[in-house]
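# What the coordinates show
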Amino acid sequence: MQKYLTLADGTQWIGTAFGDRSIEGAGQLVFNTGMTGYQETVTDPSYLNQLIAFTAPLIGNYGIDPTVNQAATLGTQAVIVHELTTFSDHYTSRQTFDNFLTIHHVPGLQGIDTRELTIHLRQTGTQAAILSNQPILNFDAKFASLPLKALTPQSLPVALPKPTQPHIVVIDFGEKTAITTALIKRGCQVSILPATSSLKHIQAYQPDGILLSNGPGDPQQYPAALPLIRQLANRYPLAGICLGHQLLARAFGAKTYQLTFGHHGLNHPVKDLATGQVWMTAQNHDFAVDPASVTTTPLQITTIELNDGSVEGLRLPGRPVMSVQFHPEAHPGPLEAGQFFDQFIQMLHHQEVSANA
């Protein structure tokens, strides 16, 4: 069965359907340059209502391992690949990628030149796209007729009163499971609360620290979260990841902007401005913090992306508050940036010592 990928500028690619063949999808089209990690990518809530084009030429060869999903549901609208394997060969595999997408009602397109598609997006920028079962005559009308998906909140209850180990409350804007896992592996107890939580509700959990999670979309769409973030930053050690980093910046007066084609991959070099150390990082974002706007805020830039100089980290001098644009939990990606979690936990302990002094 044929399927049609149509971009807002009128360009079109025709390929073969896989996944849920009856479904059509519309959203923003982005490309991901990771050579591995397709399962973690399509289950990442940050890809809500996006079509993901993988630049790696062969996808699906090691199948699906149910233990590495980053969320219970798939928010992506469609998956585009050059070649999909018809079988998988790995001891952890329980099903094929094709079957996985079918079960989760996500359509796919294979057999197109994804290199040509990626070059086109790099030249024109991220744009709206539709994966349809028939050629499209009216792009705007078709786009408006296709439903968008809603974010499915995660939940991880915790017993009260306050536990003895460090207790982190994660404010869930679209949290990846790997973030929670990274904290638990470091001896923390974690509660995941919705982004609509009030300060009073959060305080009832008696947290030692707060983490603002990653999530989908434009940070300008979250104005209601900014007063809460300022309140939390004044009361607790606080860290932000990806969208959480952008919202922290906006909460203290910085601006954000849309990148031309976003950062979606596993090999982005990030430099620590204090030490000169460079880490290879996993990234997945379409928006970034405006560096010029940071100069008018109390925030300081701590790390930058070496390819384009974009802001990759912030701190709030005088307070145990920090954030990073990249994904320190990786999954997929290099693990060296995981030291971010160690720094966050050290910040918690330092705050506790200071409070008891």
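Small disclaimer: the values here were computed from a predicted structure and weren't measured. Every chain begins its residue count from 1, and numbering advances along the sequence as written. Only residues with pLDDT of at least 70 get local features here, since the model is predicted, and only at 80 or more are side-chain atom pairs given and counted; chain-wide, interface and lining totals rely on the full set of residues. Think of the side-chain values as coming from all heavy atoms in the structure, minus any hydrogens and water.

### A word on the pairing of strand 9 (residues 127-132)
- Note on exposure labels: buried denotes an accessible area under 20% of the residue type's maximum, exposed denotes more than 50%, and partly exposed covers the range between, all computed with a 1.4 Å probe on protein chains only. Segments assigned H or I by DSSP are reported as helices when at least four residues long, segments assigned E as strands when at least two residues long, and all are numbered from the N terminus. By the criterion of burial, strand 9 is predominantly enclosed, with 6 of the 6 residues buried.
- Summarising the sheet, strand 1 (residues 2-7) and strand 9 pair through 4 bridges and their orientation is antiparallel. Bridge pairing in strand 9 links tyrosine 4 to serine 132.
- Two strands pair under a simple rule: DSSP has to find at least two bridges between them. As defined by bridge partners, strand 3 (residues 25-32) adjoins strand 9 across 5 bridges and the pair is classed as antiparallel. Within strand 9, the position partnered with glycine 27 by the bridge is alanine 129.

### Quick notes on the pairing of strand 10 (residues 167-172)
- Of all 6 residues that make up strand 10, 6 are buried, and the element is covered over most of its length.
- Of the two faces of strand 10, the one carrying His167, Val169 and Ile171 and the one carrying Ile168, Val170 and Asp172 are both buried.
- Note on handedness: a crossover is taken as right-handed if, strands pointing away from the viewer, the path from the first strand over the helix to the second is clockwise. Once the chain exits strand 10 it traverses helix 5 (residues 177-185) before rejoining the sheet at strand 11 (residues 189-194), and the crossover so formed is right-handed.

### Here we look at the side chain of threonine 281
- Structurally, threonine 281 is set in strand 15 (residues 278-289).
- A relative accessible area of 0% means that threonine 281 is categorised as buried.
- We call two N or O atoms a polar contact when they sit within 3.5 Å, provided that within protein one can donate a hydrogen and the other can accept it, with sequence-adjacent residues counted only if both atoms are side-chain atoms. At a separation of 2.8 Å, a polar atom in the side chain of threonine 281 contacts the main-chain carbonyl oxygen of histidine 268.

### Section: the UniProt feature "active site" (unreviewed entry) in the protein chain
- UniProt positions are given in the numbering used here, feature names are shortened, and annotations may be inferred rather than shown by experiment. UniProt records the feature "active site" (unreviewed entry) at Cys242, His327 and Glu329, using the numbering of this structure. A compact arrangement is adopted by the annotated residues: their sequence extent is 88 residues, whereas the largest C-alpha distance between any two is 11.2 Å.
- For histidine 327, a relative accessible area of 3% puts it in the buried group.
- In this view, histidine 327 contacts Lys176, Asn214, Ile241, Cys242, Ala282, Gln283 and Asn284; residues no more than four positions away in its chain are not counted.
- The residue glutamate 329 is located in the loop between strand 18 (321-324) and helix 10 (339-356) in this model. Contact criterion: two residues are considered in contact whenever any of their non-hydrogen atoms come within 4.5 Å of each other.

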